[in-house]
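Notes for the structure review
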Amino acid sequence: MPVIRTSENRQAQTPAGTMTTLASPTLGAAERPIWRVDVAATAPAGPLHVIDVEQIWVFTEGGADVTVAGETHAVRAGDTVVVPADAERQVAPDAATGFSAIVTAPVGGRAWVLPRAGDGVVPPWTV
């Protein structure tokens, strides 16, 4: 049984937030990566993008406006959002609280900032 210590977690920074890899194929032999997303209240919304695999977001602190396929939902801690593969999505932090969420998705998902062009990228927090 792999035990992944806090000291082994990886972090990746983007203009919109910090992703902390909790388990992934290269960190604990996980078949399904899981990571934490922390976004400050003052951070910009993430870019409008698509990912070619389903993602599940569980909001643990604060709140956000999550737009999926043109429909926006205000979510708070305790809410779960299932984002279908290939759906256009954007997440904006609550301006007063920001948010934290735990996210999982199948291994190997590729992401594209819109407009979608090229081969996309595998987000580094998922490998």
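Preceding block: the structure.
Residues numbered from 1 in each chain as written. Predicted model: local features only at pLDDT ≥ 70, side-chain atom pairs only at ≥ 80, totals over all residues. Heavy atoms only, no water.

The next subject is the pairing of strand E5 (residues 55-68). Across 4 bridges, the pairing between E5 and strand E7 (residues 80-83) is antiparallel. What sits directly across from Val-58, in E7, is Thr-80. Two elements, E5 and strand E9 (residues 99-104), share 6 bridges in a ladder whose sense is antiparallel. Bridging across to E9, Phe-59 finds its partner in Ala-101. Here E5 runs beside strand E6 (residues 71-76); their pairing, made up of 6 bridges, is antiparallel. Bridge pairing links Val-66 to His-73 in E6. Remark: 2 residues form the turn of the hairpin made by E5 and E6, two consecutive strands paired antiparallel; Ala-69 in that turn has positive phi of roughly 55 degrees. (Pairing = 2+ DSSP bridges. Helix = DSSP H or I, 4+ residues; strand = E, 2+ residues; numbered from the N terminus.)

The subject of this paragraph is the pattern of salt bridges. Note on pairing: side chains with opposite charge can pair once their charged atoms come close. Summed over the entire model, instances satisfying the criterion amount to 3 salt bridges. In this structure, Arg-36 and Asp-38 form a salt bridge, with 2.8 Å as the shortest nitrogen-oxygen distance. Judged by relative accessible area, which is 29%, Arg-36 ranks as partly exposed. A salt bridge links Arg-116 to Asp-86; its shortest N-O distance comes to 3.2 Å. Remark: Asp-86 occurs in the loop between E7 and strand E8 (89-93) and Arg-116 occurs in the segment after strand E10 (111-113); sequence separation between them is 30 residues. On the basis of relative accessible area, Arg-116 is assigned to the partly exposed category, the value being 41%. Overall, Asp-86 belongs to the partly exposed group, its relative accessible area being 43%. (Salt bridge = Lys/Arg side-chain N within 4 Å of Asp/Glu carboxyl O. Buried < 20%, exposed > 50% of the residue type's maximum accessible area, 1.4 Å probe, protein only.)

Next up on the list: the packing of aromatic side chains. Scanning all chains against the criterion turns up 3 aromatic pairs. Where Trp-57 meets Phe-59, the ring centres are 5.9 Å apart and the plane angle is 20 degrees; that geometry is what we call stacked. The same class applies to Trp-57 as to Phe-59, namely buried. Taken together, the ring pairs in this structure connect Trp-57, Phe-59 and Phe-99 into an aromatic cluster. (Phe/Tyr/Trp six-rings, centres within 6.5 Å; stacked < 30°, edge-to-face > 60°.)

What follows concerns the layout of surface pockets. Reported here for the largest pocket is a volume of approximately 560 Å³. Considering the residues around the largest pocket, the lining is formed by 30 residues, among which Thr-14, Met-19, Pro-47, His-49 and Trp-125 are closest to the centre. At the level of secondary structure, the elements contributing two or more residues to the lining of the largest pocket comprise strand E2 (17-23), strand E3 (34-39), strand E4 (49-51), E5, E7, E8 and E10. The dominant element in the lining of the largest pocket, judged by the number of residues it contributes, is E5, at 4 residues. Tallied by class, the residues present in the lining of the largest pocket amount to 24 nonpolar, 5 polar and 1 charged. (1 Å grid on protein atoms, 1.4 Å probe; cavity = no way out; pocket = protein on both sides within 12 Å on 5 of 7 lines; lining within 4 Å. Points joined across faces, edges and corners; volume = space filled by probe spheres on them. Nonpolar A, V, L, I, M, F, W, Y, C, P; charged D, E, K, R; others polar.)

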